[in-house]
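Structural characterization, general
Read off the chains here:
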Amino acid sequence: MSGGRATTIARADLRQLRASRDFWLPLAVIALFMFMVVPAVMLWVISTVQDPKLLAKLVDVVGRLPAPLRERLHGTPAEIQASYTLAVYFFAPLVTLVPLTVSSSISANTFVGERERGSGEFLAHSPASTREIYIGKLIAALVPGYATALGGVVVYSAVVNLIVSTRTDGVLFPAGNWWIFVLWVMPPLIGLAVALIVSISSRVSSGAAAQQASSLIALPIVIVAYGVSEASLFGSATAAWVVGIVTWVAAGLAIRWGASSLSRERLLGIGS
Amino acid sequence: MVELIGVTRRFGEIVALDGFSLVVVPGEVTVLLGPNGAGKTTAVRVVTGVVGADQGTVRVLGEDPTGPGGQAIRARCGVVPARPALYDRLDGYENLRYAAELYGVADVPGRIAQAAARFGIVDALGQRVAGYSTGMRARLALSRAVLHDPDLLLLDEPTAGLDPESARVVLGLIDEMADQGKAVVMCTHLLLEAEGLADQVVVMDRGRTLVAGSASELTRRLWPSVTVVIDAEVPQMLDRCAGLPFVRSYQRNGAALVELDDREHVADLVDALVAGGVRLLRVEPRTPTLEELYFTVRGRG
């Protein structure tokens, strides 16, 4: 396999994506809303709570955290404890959900989009192997999703620190296992989802069918993603590394299966 | 260069190719003629290994295109599909660069400039392909197909929907490629454009070869008799043709139409008339058009 051809395919797809403002603009708006507006409003509301009953309930939430994390927050004001818990742990699924949405939307259209535009014929006749084509398409769907995750973490960090850190000592976020989660667990997690959806895209007959099918598998993927994020953030650093390894293996197997099941006939929509 | 022997390919209940055979040699233009659904597109796809054969032998540049050598074979083929298969959201230059990089072309900007100039699309390279006319799309698809200097050019209905000027560019390319010793396979159902271009004509129907050969060979095979148009200073003197032993039929309405039983007898006819004192103004053996040939073959098929 030539990595050059796979990256050529990925670059061409990314260039097309960049040129499709009608596609990426709504996704960018969703990402901005989820990473900036929602946390800003919620954190601001929580950090300014004065009602003692509500504060007591918020501290109960903190009580659900693992013991080492609770110790870290010991002695800080209740509203700060609640903000920390909310910011660092309960918003974690957002960081997986939004990139997964971005990557799923792109990957659902990869092969079926080529077929509907008729450009699949060009790829089918090209010297690129089916594995190179598959990997190229996978990269093209994975990069925007992961870039959204990284950008989201940066924006989210800025929001959290601006709102909450002014009342605590030092920077509040990213903290704990977040670095491991974002840099080690997230790439294979998105890769796993993309590998499955790209494979579906090579099998179905229309863009609408691809969206339907990807929606069907999106729900279990989101549940898995939620579990993975919780396990890696709430557990120890070792647990986070192990979760990452398991996710990498699962993603590797999904990619291998997807690459081997793609045929040139499928690029034309005539595969079995 | 291309050898298909008894190739059969089914898609469910549909038999796209049914024992189809084809031999393509370098420097020749092979035209696959046939109605829609005859199996022309499938034949092209079998040649590049995009579609495999259920039965039969496929050898392209000495190898099986669906085997491990398939990538190398495809790298030496240039394909213009029935739909131009371009990327509308990219501009013309980006479309060509994509292909150049996939085919491993050296000196990408140089080759793109050369191909674009050849097909007169230099000024349009910066525009998005979505805004191209049908003719411009065809020219861009052609530029893309020859960027890597292929040894085998496969064109599937390349002039469909084109204006005469663009169609001429396509036919010019085919001639040029054949002159350079490349092999060209063109699928069409437009008989006029194949006329005079094809070194080999393959008439297909329902995945089968009805006849194959050069136009003159097919003419000899299908019309052993020949019709000659004759005119003379005194047309009435031509009536003596009717009595000649090798003349099958004779009609005169102004000039005469004489049907001979064999092409070899054209010279005998002229000799006989001149010997009889007829001063000839015109002797024109009539060659059947490809269209006549096609419909005759289809009628017999």
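Residues numbered from 1 in each chain as written. Chains lettered and ligands numbered in written order. Predicted model: local features only at pLDDT ≥ 70, side-chain atom pairs only at ≥ 80, totals over all residues.

A look at the overall build of chain B
- Counting its secondary structure elements, chain B contains ten helices and 13 strands.
- Out of the 301 residues in chain B, the part that is buried amounts to 43%.
- The long-range share in chain B, meaning contacts at least 24 apart out of those at least 6 apart in sequence, stands at 68%. (Helix = DSSP H or I, 4+ residues; strand = E, 2+ residues; numbered from the N terminus. Buried ≥ 20, exposed ≤ 12 C-beta atoms within 10 Å, placed from the backbone. Contact = placed C-beta atoms within 7 Å.)

Some remarks on the sheet that holds strand β6 (residues 152-156) of chain B
Residue and element names in this part refer to chain B.
- With mixed pairing, six strands are arranged side by side in an open sheet as β5-β6-β7-β3-β8-β9. In this open sheet, the two strands that pair with only one neighbour each are β5 (77-80) and β9 (208-213). Pairs of neighbouring strands in the sheet enclose a mean axial angle of 15°, with direction left out of account.
- Running over the sheet, helix α5 (residues 134-146) touches β5 and β6 and is turned about 170° from β5.
- Along the sheet, helix α6 (residues 164-179) makes contact with β3 (29-33), β6 and β7 (183-188), crossing β7 at roughly 150°. (Pairing = 2+ DSSP bridges. Axes fitted to C-alpha atoms, helices over the stretch in contact; angles between N-to-C directions.)

Examining the confidence of the model for chain A
- Taken as a whole, chain A shows an average pLDDT of 82; of its residues, 90% reach a score of 70 or greater.
- By mean pLDDT, the top-scoring element of chain A is helix α8 (residues 120-125) of chain A (92), and the lowest-scoring one is helix α4 (residues 67-73) of chain A (69). (pLDDT = per-residue confidence, 0-100.)

Description of the interface of chain A and chain B
- At the junction of the two partners, chain A supplies 22 residues and chain B supplies 22 residues.
- Sorting the residues of the side of chain A that touches chain B by element identifies α1 (3-19), α8 and α13 (264-268) of chain A as the ones contributing at least two each.
- The element best represented in the side of chain A that touches chain B is α1(A), accounting for six residues.
- A breakdown of the residues in the side of chain A that touches chain B according to their chemical character gives eight nonpolar, eight polar and six charged. (Nonpolar A, V, L, I, M, F, W, Y, C, P; charged D, E, K, R; others polar.)

Regarding the sheet that holds strand β13 (residues 280-286) of chain B
Residues and elements named next belong to chain B.
- One open sheet holds the four strands; their spatial order is β11-β12-β10-β13, and the pairing between them is antiparallel. The sheet is open, and its two edges are formed by β11 (247-253) and β13, each paired on a single side. Taking each pair of neighbouring strands and ignoring which way they run, the sheet shows an average axis angle of 20°.
- In this structure, strand β10 (residues 226-232) lies alongside β13, joined through six bridges in antiparallel fashion. Bridged to Ala 232 within β13 is Leu 280.
- Lying on the sheet, helix α9 (residues 265-275) is in contact with β10, β12 (255-260) and β13; it crosses β13 at an angle near 165°.

Topic: the environment of Val23(B)
Residues and elements named next belong to chain B.
- Inspection of the secondary structure assignment puts Val 23 in strand β2 (residues 14-24).
- Note on Val 23: 15 C-beta atoms within 10 Å, which makes it partly exposed.
- Expressed as a C-alpha distance, the spacing of Val 23 and Pro 235, which sit 212 residues apart in the sequence, is 48 Å.
- Ignoring anything within four residues of it in the chain, the contact list for Val 23 reads Val 2 and Glu 3.

Re the packing of helix α10 (residues 178-201) of chain A against helix α11 (residues 207-234) of chain A
Residues and elements named next belong to chain A.
- At a minimum axis distance of 10 Å, the contact between α10 and α11 shows a crossing angle of 160°. Between α10 and α11, the interaxial angle falls into the category roughly antiparallel. Relative to α11, α10 is oriented so that their crossing is right-handed. Residue-level inspection shows Trp 178, Ile 180, Phe 181, Val 185, Leu 189, Ala 193, Leu 196, Ile 197, Ile 200 and Ser 201 of α10 in contact with α11, the latter providing Ala 210, Ala 213, Ser 214, Ile 217, Ile 221, Ala 225, Val 228, Ser 229, Ser 232 and Leu 233.
- Tallied by class, residues from the contact of α10 with α11 come to 16 nonpolar, four polar and no charged. (Parallel < 35°, antiparallel > 145°, perpendicular 65-115°, else oblique. Left-handed = near helix turned anticlockwise from the far one by under 90°.)

Observations regarding unusual backbone geometry
- We note that Asp149(B) has phi near 55°; this positive angle belongs to a residue other than glycine.
- For Asp149(B), a count of 15 C-beta atoms within 10 Å puts it in the partly exposed group.

Some points on the pairing of strand β1 (residues 2-11) of chain B
Residues and elements named next belong to chain B.
- Examined bridge by bridge, β1 and strand β4 (residues 55-60) share five bridges and lie antiparallel to one another. Looking at β4, one finds that Leu 4 is bridged to Val 58.
- Of the pairings in the sheet, the one linking β1 to β2 comprises seven bridges and is antiparallel in character. Across the sheet, Val 7 pairs through a bridge with Phe 20, a residue of β2.
- Joining the antiparallel neighbours β1 and β2 is a turn of two residues, in which Gly 12 adopts a positive phi near 65°.

Overview of α6(B)
Residues and elements named next belong to chain B.
- For α6, with 16 residues, the first-to-last C-alpha span of 22 Å sits near the 22 Å given by 1.5 Å per residue.
- All of the buried residues in α6 are Ser 166, Val 169, Val 170, Leu 173, Ile 174 and Met 177. Mapping the buried residues of α6 onto a view down its axis gives an arc of 135°, with all of them on the same face. Seen from the buried face of α6, the exposed residues on the opposite side, beyond 90 degrees, are Pro 164, Glu 165, Gly 172 and Asp 179. (Expected span 1.5 Å × (residues − 1). Arc of directions from axis to C-beta.)

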